[in-house]
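Read off the chains here:
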Amino acid sequence: MALPLEGLAAIVTGAGRGLGRAEALELARLGASVVVNDFGRPGRDGSGEASAAPAEEVAAEIRDAGGRAVAHTGDVADHEQARALVDTAVGTYGKLDILINNAGILRDRMIFSMTESEWDAVIHVHLKGHFNTTRFASAHWRERSKASGGPVYGRIVNTSSEAYLAGSAGQPNYAAAKGGVVGLTTSTALALAKYGVTANVICPRARTRMTEDVFQGFREPAEGQLDPLAPEHVAPL
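Please read all numbers here as calculations on a predicted model, not as lab measurements. (Residues numbered from 1 in each chain as written. Predicted model: local features only at pLDDT ≥ 70, side-chain atom pairs only at ≥ 80, totals over all residues. Heavy atoms only, no water.)

Asker: Teacher, can you tell me more about helix α4 (residues 116-148) here?
Answerer: Every α-helix carries 3.6 residues per turn, so stepping three or four residues along brings you back to the same face. Between the first and last C-alpha of α4 there are 46 Å, a value that for 33 residues agrees with the 48 Å anticipated at 1.5 Å per step. A maximum bend of about 35° is found in α4 at Lys 128. Of the residues one or two after α4, Gly 149 is the one with positive phi, at around 80°. (Helix = DSSP H or I, 4+ residues; strand = E, 2+ residues; numbered from the N terminus. Expected span 1.5 Å × (residues − 1). Bend = angle between axes of the 7 residues up to and from the residue.)

This is the structure we're talking about:
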């Protein structure tokens, strides 16, 4: 029996750890071929060269389980590196079908103390990063639709946060960026509908390194008990 996503190619950004990792593993489990993106870290030898880990670690985990995956260590906030990410999917798998924008960072501070660089960094990674990958993925689907003379299969899932709705006093940059992601998503959905492509935005709750402060008041379950906030339980939703 064919798997639900067999024959489809997916990109997951920020997939080296946390929710992105769980999303990449889940897509692969359902049969998709995955490009695992995560910004490369400096090498341990101090050379300053980017390391493929943790993106390659997740890609290797998928391959070891019998799936198809390659790693990409580019920065999605960089326009040309985002282009290269989409090109990696198309060059490796012949097409792109699914784009999961998950990459993000935090630079928390109250509005009266926030620096310009803290504001710019979060807007750059979250909002521009979502735009960059969407820009090149949407162009790919538009070209495919024109070539085939009809709609194609394309899915975008962008990651926002309840912070843009309920507010988060110490995260004015993050809340603004996540609100921007919602606006970007609705505009993208309207622009791509005629090509058969959908764009949706999610506000997931998951216990990750990035949200450990947010969920300090949520008691972690005892060993052996189900943690509903664990990324592997959130990703399938």
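Asker: Just checking my understanding: could you explain the sheet that holds strand β5 (residues 69-72) for this structure?
Answerer: Each strand in a sheet pairs with another by means of backbone hydrogen bonds, the pair being arranged parallel or else antiparallel. Judged by pairing direction, the sheet is parallel, and its 6 strands sit side by side in the order β5-β2-β1-β6-β7-β8 without closing on themselves. The sheet is open, and its two borders are formed by β5 and β8 (197-202), each paired with just one other strand. Going from strand to strand, the sheet's axes swing by 15° on average, the running direction of each strand aside. Strand direction decides the pairing type here: strand β1 (residues 9-12) and strand β2 (residues 33-37), joined by 4 bridges, are parallel. Bridging across to β2, Val 12 finds its partner in Val 36. This element, helix α1 (residues 18-29), spans β1, β2, β6 (98-101) and β8 of the sheet and lies at about 170° to β1. Sitting on the sheet, helix α2 (residues 55-64) touches β2 and β5, and the angle it makes with β5 is about 180°. (Pairing = 2+ DSSP bridges. Axes fitted to C-alpha atoms, helices over the stretch in contact; angles between N-to-C directions. Contact = heavy atoms within 4.5 Å.)

Asker: Can you walk me through the packing of helix α3 (residues 79-93) against α4 in this structure?
Answerer: Two quantities define a packed helix pair, namely the angle between the helix axes and the distance between the axes. Following both chains from N to C, one finds α3 and α4 inclined at 40°, their axes separated by 8 Å at the closest point. Considering their axes alone, α3 and α4 lie oblique with respect to each other. Once α3 is placed against α4, the crossing between them reads as right-handed. Residues His 79, Ala 82, Arg 83, Leu 85, Val 86 and Val 90 of α3 form the contact with α4, whose participating residues are Phe 131, Asn 132, Thr 133, Arg 135, Phe 136, Ala 137 and His 140. Split into classes, the residues belonging to the contact of α3 with α4 amount to 7 nonpolar, 4 polar and 2 charged. (Parallel < 35°, antiparallel > 145°, perpendicular 65-115°, else oblique. Left-handed = near helix turned anticlockwise from the far one by under 90°. Nonpolar A, V, L, I, M, F, W, Y, C, P; charged D, E, K, R; others polar.)

Asker: Looking at this model, I keep getting lost on the pattern of salt bridges. Mind explaining?
Answerer: Pairing between side chains becomes possible if they bear opposite charge and their charged atoms approach one another. Enumeration over the complete set of coordinates arrives at 7 salt bridges. With its nearest N and O atoms 3.1 Å apart, the salt bridge here joins Arg 21 to Glu 61. Highlighted residues: Arg 21 in helix α1 and Glu 61 in helix α2, separated in sequence by 40 residues. When its relative accessible area of 34% is taken as the criterion, Glu 61 is described as partly exposed. (Salt bridge = Lys/Arg side-chain N within 4 Å of Asp/Glu carboxyl O. Buried < 20%, exposed > 50% of the residue type's maximum accessible area, 1.4 Å probe, protein only.)

Asker: Got a minute to help me understand the environment of Val 157 in this structure?
Answerer: For Val 157, the location among the structural elements is in strand β7 (residues 154-159). Filtering out sequence-adjacent residues up to four positions away, Val 157 remains in contact with Leu 99, Ile 100, Asn 101, Asn 200 and Ile 202.

Asker: Help me understand the nonpolar core in this model?
Answerer: Generally speaking, nonpolar side chains in soluble globular proteins are found buried as a group. With 21 residues, the main nonpolar core has Ile 11, Val 35, Leu 96, Trp 141, Leu 192 and Val 197 as its most contacted residues. No other element matches α3, which puts 5 residues into this core. With residues near it in sequence (within four places) discarded, Leu 192 still touches Ser 138, Trp 141, Ile 156 and Val 197. Within the second largest apolar cluster, 18 residues are counted, among which are Val 12, Ala 15, Ile 98 and Ile 100. (Core = buried A, V, L, I, M, F, W, Y, C linked by side-chain atoms within 4.5 Å.)

Asker: How should the packing of α1 against α2 be read in this particular structure?
Answerer: Contact pair α1 / α2: the axes reach a minimum separation of 10 Å and the direction vectors enclose 25°. As summarised for this structure, α1 and α2 are arranged roughly parallel, according to the angle between their axes. Handedness of the crossing formed by α1 with α2: right-handed. Two secondary-structure elements touch here, α1 through Arg 21, Ala 24, Leu 25 and Ala 28 and α2 through Val 58, Glu 61 and Ile 62. Here the residues of the contact of α1 with α2 are counted per class, giving 5 nonpolar, no polar and 2 charged.

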